[in-house]
Structures are given as C-alpha cells and as structure tokens.
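Now for the letters of each chain:
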Amino acid sequence: MRTQIAAANWKMNLSFNEANTLIDNLLALPHELTVNQQVVFGIPFPYLQHFVEKLNGKQNVFVAAQNCYTKTSGAYTGETSVQMLQSIGVTHVIIGHSERREYFNESHQMLKEKVDIILSNNLTPIFCCGEPLGIREAETQNQFVQQQIEESLFHLSNDEARKIVIAYEPIWAIGTGKTATSQQAQDIQAFIRQLLASKFGEETANIIPILYGGSVKANNAKELFNMPDIDGGLVGGASLIPSEFNAIINALK
Ligand code: PGA
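Residues numbered from 1 in each chain as written. Predicted model: local features only at pLDDT ≥ 70, side-chain atom pairs only at ≥ 80, totals over all residues. Heavy atoms only, no water.

1. A few points about the sheet that holds strand β4 (residues 92-95)
1) Next: Spatially, 8 strands are ordered β1-β2-β3-β4-β5-β6-β7-β8 in a closed barrel, and the strand pairing comes out parallel. Direction aside, neighbouring strands of the sheet carry axes that sit 25° apart on average.
2) Next: Against the sheet, helix α12 (residues 242-250) makes contact with β1 (4-9), β2 (37-42) and β8 (232-235), and its axis sits at roughly 160° relative to β1, the strand it touches most. (Pairing = 2+ DSSP bridges. Helix = DSSP H or I, 4+ residues; strand = E, 2+ residues; numbered from the N terminus. Axes fitted to C-alpha atoms, helices over the stretch in contact; angles between N-to-C directions. Contact = heavy atoms within 4.5 Å.)

Structure representation (structure tokens):
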C-alpha cells in the first residue's frame, strides 16, 4: 500500500515552549503507526534541530522544514539551504505552499529548482498545489493544477518522481473552516494521479502519496482519508491541538 502521511504544518506559530508542550502532549496520546504510515512535523526554522533530536528514534516520525532556498550556499542573507537542513537531520521540505506562492511570489520555475535541490540532497519534497476560489468557481481547477505540476515536476526522471510527495490544497479551504467535500478532493486527486501516470507511468503514479490539505480536522479526516486517492493530510490549524492532530493520525488508512 502507498505510504499514508499525517503532516503537520505549524506555519509561523508557537513559541519554543509552546511547541515543546504541544509535542509532549501529543506524544502522550495513543497512536500506533503501521509500516506504511508516517507522521511529519513541519516546524519553524529556529526549532528544527531541537525537534530532530527530540523525535529521534521515533519510528516513522519525521521533521520537515517549511521552505528552503534554491542555492547551495553563498551570499543570500536570510535564506536556508537544503544542505544546512540535511546537516541537522531534517528529512522533508514543504515547498510551494499557497502562502509562499502568494506572499513571496514563488514561481513555477523557482519551485522546479527547489524540487531539484531537495532531491539531489536526498530529502523529500512535499510539493503543494491547489487553486484559488475564482478558478474553482469557473470549474477550471484541473487545468490550473495541471499547469502547476507540469511546470515544476514534469522535468523529473521516473526515479526522482518516486521520491516526491504531493499535497493538494485548494486555497479556498485553507484556514477557512471550509473543507472540500471528500468527493471534490477525490476527483481532483484522481485527476492528479492520472496526470502523473501520463508522464511517469502507472507504476510510479501509484506510489506517489497525494495528501489533501485545507481545514482537515478530527471530524472530517476519516472520510477524506478513506478516499482511494487521498493518502493523508497536510494539516495547519488542527495540527496545533494535540487531541485533534492525534485523531487525524489515527484516521490514516
Ligand atoms: P489548515 O491549513 O489546515 O489550517 O486549513 C492547511 C495548510 O495550509 O497546509
């Protein structure tokens, strides 16, 4: 079975003490991960190394950065390279989140470069895509997401494509409490898988986890994750509440 992933995206939230308390409270709750289930914590940069060490040895639990730069090193004040992340044991990087595309002007071309540098350092990119409300209302979401994927991922080899994770996040559902229905999410995620199959072949498309993100909560996770092309979630708000996120972990297939 494909890897199923509950990924927390803390965004720019939590003091260091609050983050520690959150993890302690979460780890005290009952959850058991099967071999095909993973939990990934998308943690703010200043706390990454601490949580890599704190979570070290926990089976199937990983730490992700929420961004990285496209270059290896040099005069790029304020940026963080994938090599730096790798050197402290970070294994995943969330890229292309709609907030970064919107507020920091991240282009398809820049995300293509980020995917490449992440893969060449043997980390896992969690590549976000998804449409704004106007596109959904015009019913052109498939074409919109197709362009995001074609322009940032279609240059990959089959071997590289097998190492990525995709998160489909409709922008109108992020932080709004408005979740896509499980059928809406399934329909576009099945489309994404077909698109991947058309480029990389069925076998590769069938092993790429496709997560859903956008107001995933304890009370809707099970229904979403039960859909055949939804392999877990990228979770913002609910990942800041231990009982909520634990229920989301327990909702994985
Ligand atoms: P949300 O955020 O769960 O708060 O909607 C999801 C995300 O932005 O990754």
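2. Notes on the pairing of strand β6 (residues 165-168)
1) Next: Of the two faces of β6, the one lined by Val165 and Ala167 and the one lined by Ile166 and Tyr168 are each fully buried.
2) Next: Relative to strand β7 (residues 210-213), β6 is paired through 3 bridges, and the arrangement is parallel. Following the sheet pairing, Tyr168 is matched in β7 by Tyr212. (Buried < 20%, exposed > 50% of the residue type's maximum accessible area, 1.4 Å probe, protein only.)

3. Some points on the packing of helix α7 (residues 141-153) against helix α9 (residues 182-200)
1) Next: Interhelical geometry of α7 versus α9 gives an angle of 40° and a closest axis separation of 10 Å. One way to sum up the angle between α7 and α9 is to call them oblique. In this structure, α7 crosses over α9, and the sense of that crossing is right-handed. Facing α7, whose interface residues are Gln141, Asn142, Val145, Gln146, Ile149, Glu150 and Leu153, α9 presents Ile188, Phe191, Ile192, Leu195, Leu196 and Phe200.
2) Next: Of the residues contributing to the contact of α7 with α9, the split by class is 9 nonpolar, 3 polar and 1 charged. (Parallel < 35°, antiparallel > 145°, perpendicular 65-115°, else oblique. Left-handed = near helix turned anticlockwise from the far one by under 90°. Nonpolar A, V, L, I, M, F, W, Y, C, P; charged D, E, K, R; others polar.)

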